[in-house]
Amino acid sequence: MKVSLKTVSGERVLFLPEGLGEVYEPGRVVELIPVIGGVKVRPVGLTFTEAATRLFTEKSGLLQRLGDGE
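Position numbers for residues start from 1 in each chain and track the written sequence from start to end. Thresholds applied to this predicted model are a pLDDT of at least 70 for local features of residues and 80 or more for the giving and counting of side-chain atom pairs; totals over whole chains, interfaces and linings are not thresholded and use all residues. Hydrogen atoms and water are omitted, and side-chain values are computed over all heavy atoms in the structure.

Across its full length, the protein carries 1 helix and 4 strands. Sequence separation of at least 24 residues holds for 0% of the intrachain contacts in the protein that already meet a minimum separation of 6. In this text, helices come from DSSP runs of H or I with a minimum length of four residues, and strands from runs of E with a minimum of two, each type numbered from the N-terminal end. Contacts were defined at the residue level, with two residues in contact if any of their heavy atoms lie within 4.5 Å.

In this sheet, strand β4 (residues 38–43) lies alongside strand β3 (residues 30–35) in antiparallel orientation, the contact comprising 6 bridges. From the neighbouring strand, Glu 31 faces β4, where its bridge partner is Arg 42. One requirement defines pairing of two strands: DSSP has to find at least two bridges between them. With antiparallel pairing between neighbouring strands as the criterion, β3 and β4 make up a hairpin whose turn holds 2 residues, including Gly 37 at a positive phi of roughly 85°.

Relative to the elements of secondary structure, Val 3 occurs in the segment before β1 (4–8). Taking the C-alpha atoms as reference, Val 3 lies 7.1 Å from Leu 14; in sequence the two are 11 residues apart.

What follows concerns the environment of Thr 47. Residue placement: Thr 47 occurs in the loop between β4 and α1 (48–67). A C-alpha to C-alpha distance of 8.4 Å links Thr 47 and Arg 28, two positions 19 residues apart in sequence.

The next subject is a nonpolar patch on the surface. Nonpolar side chains collect at one region of the surface, where Met 1, Val 3, Leu 5, Leu 14 and Leu 16 lie side by side and expose about 500 Å² of accessible area between them. Inspection of the secondary structure puts Leu 16 in the loop between β2 (11–15) and β3. Patch criteria: residues need more than 30% relative accessible area and no salt bridge. Like-charged residues are merged within 9 Å; nonpolar side chains of Val, Leu, Ile, Met, Phe, Trp and Tyr are merged within 5 Å. Each accessible area is a Shrake-Rupley result for a 1.4 Å probe, and residues are judged covered by the shown protein chains and nothing else. Any carboxyl oxygen of Asp or Glu that lies within 4 Å of a side-chain nitrogen of Lys or Arg is treated as forming a salt bridge with it.

With that settled, the discussion passes to the confidence of the model for the protein. Residue-level confidence of the predictor is summarised by pLDDT, bounded by 0 at the bottom and 100 at the top. Confidence in the prediction of the protein, expressed as mean pLDDT, is 76, and 73% of residues score 70 or more. For the protein, the element scoring lowest by mean pLDDT is α1, at 70; β3 scores highest, at 87.

And the structure:
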């Protein structure tokens with residue numbers, strides 16, 4: 001995937017394709033990790049929605065296992 005690196009108000013800005021907007025929404029803090037031949041972009045922490053979804057998914061699985069006698 002190729003993206004543009006631009007200068008906006010004296011800062012370098014990396015424009016991500018619209019499809020990544022769900023993972024990297026505006027205002028989200030990301031970590032840039034140098035790797036051989038490039039940079040890896042990884043979101044830092046979870047949004048409230050992501051945390052709530054993960055919590056309820058894990059709790060649901062736990063309750064299901066308890067109900068199954070595991």
